[in-house]
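For reference, the chains in residue letters:
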Amino acid sequence: MKRPTSPEICTEGDPVLRAPAGPVPKNLFGSEELGAIIERMVRAVRAEPYGVAIAAPQIGVPYRIFVVRGYVLKHHERNDDDADVAFINPTIIRKSKKTGEMSEGCLSVPGVFGTTTRSVRATIRAQTPDGVEFERGGSGLIAQIFQHECDHLDGVLFIDHAHSIGSHESEQ
């Protein structure tokens, strides 16, 4: 099986990926500890050539946090200049009834891809590292990321509901 570039990323079979993550406690907001967790997540996702987002359980941290690469949220070409965004204690508050089939992969299931059915639009409510609540909506890839990462926080991997699963050996 292909391994992730970042040694921090947990792969399928690690029990942390199958356990529901707990909420980030109030006392961690604004702390160096929370900042360090988010920084580890950023380093791990940026180390992956195809990484666009990562959930805390993917680095072995059982908290409800995910990080999305900034260039994805800004609909830019891939670059490291746009700040990545942390979504803490996220909840999907709206999803479109309209769904679509999407190709999907995961840093924790390296080299494996499949087709998932996801809502084409999704809105999420989350908190910043300082505890400020915010909402963010998106369509297409952003909606897919929100749903994929929230699945991670619930102990679900995309392979649990994908079809046409296969490997892309050429990407090793």
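Bear in mind that the values here come from a model prediction, so they are computed numbers and not experimental data.

Cut-off values and rules
- Residues numbered from 1 in each chain as written.
- Predicted model: local features only at pLDDT ≥ 70, side-chain atom pairs only at ≥ 80, totals over all residues.
- Heavy atoms only, no water.
- Salt bridge = Lys/Arg side-chain N within 4 Å of Asp/Glu carboxyl O.
- Helix = DSSP H or I, 4+ residues; strand = E, 2+ residues; numbered from the N terminus.
- Buried < 20%, exposed > 50% of the residue type's maximum accessible area, 1.4 Å probe, protein only.
- Core = buried A, V, L, I, M, F, W, Y, C linked by side-chain atoms within 4.5 Å.
- Contact = heavy atoms within 4.5 Å.

(A) Representation of the pattern of salt bridges within the structure. Taken as a whole and assessed by the stated rule, the structure comprises 12 salt bridges. Residue Arg64 is joined to Asp154 by a salt bridge in which the shortest nitrogen-to-oxygen separation is 3.1 Å. One end of the pair, Arg64, is in the loop between strand E1 (53-55) and strand E2 (65-68); the other, Asp154, is in the loop between helix H3 (141-153) and strand E8 (163-167), with 90 residues separating them in the sequence. Classification of Arg64 by relative accessible area gives buried; the value is 16%. For Glu135, the salt bridge is made with Arg125, and the minimal N-O distance between the two is 2.7 Å. With a gap of 10 residues between them, Glu135 in strand E7 (residues 133-139) and Arg125 in strand E6 (residues 121-127) connect regions that are remote in the sequence. Via salt bridges that share partners, Glu8, Glu39, Arg40 and Arg43 belong to a single interconnected network.

(B) Structural view of the nonpolar core. Judged by nonpolar contacts, the single largest core of 20 residues is most densely connected at Leu34, Met41, Ile54 and Ile65. Taken together, the elements giving at least two residues each to this core come down to helix H1 (32-46), E2 and strand E3 (85-95). Those residues in contact with Met41 that lie beyond four places of it in its chain are Ile54, Ala55, Ala56, Ile59, Ile65, Phe66 and Val67.

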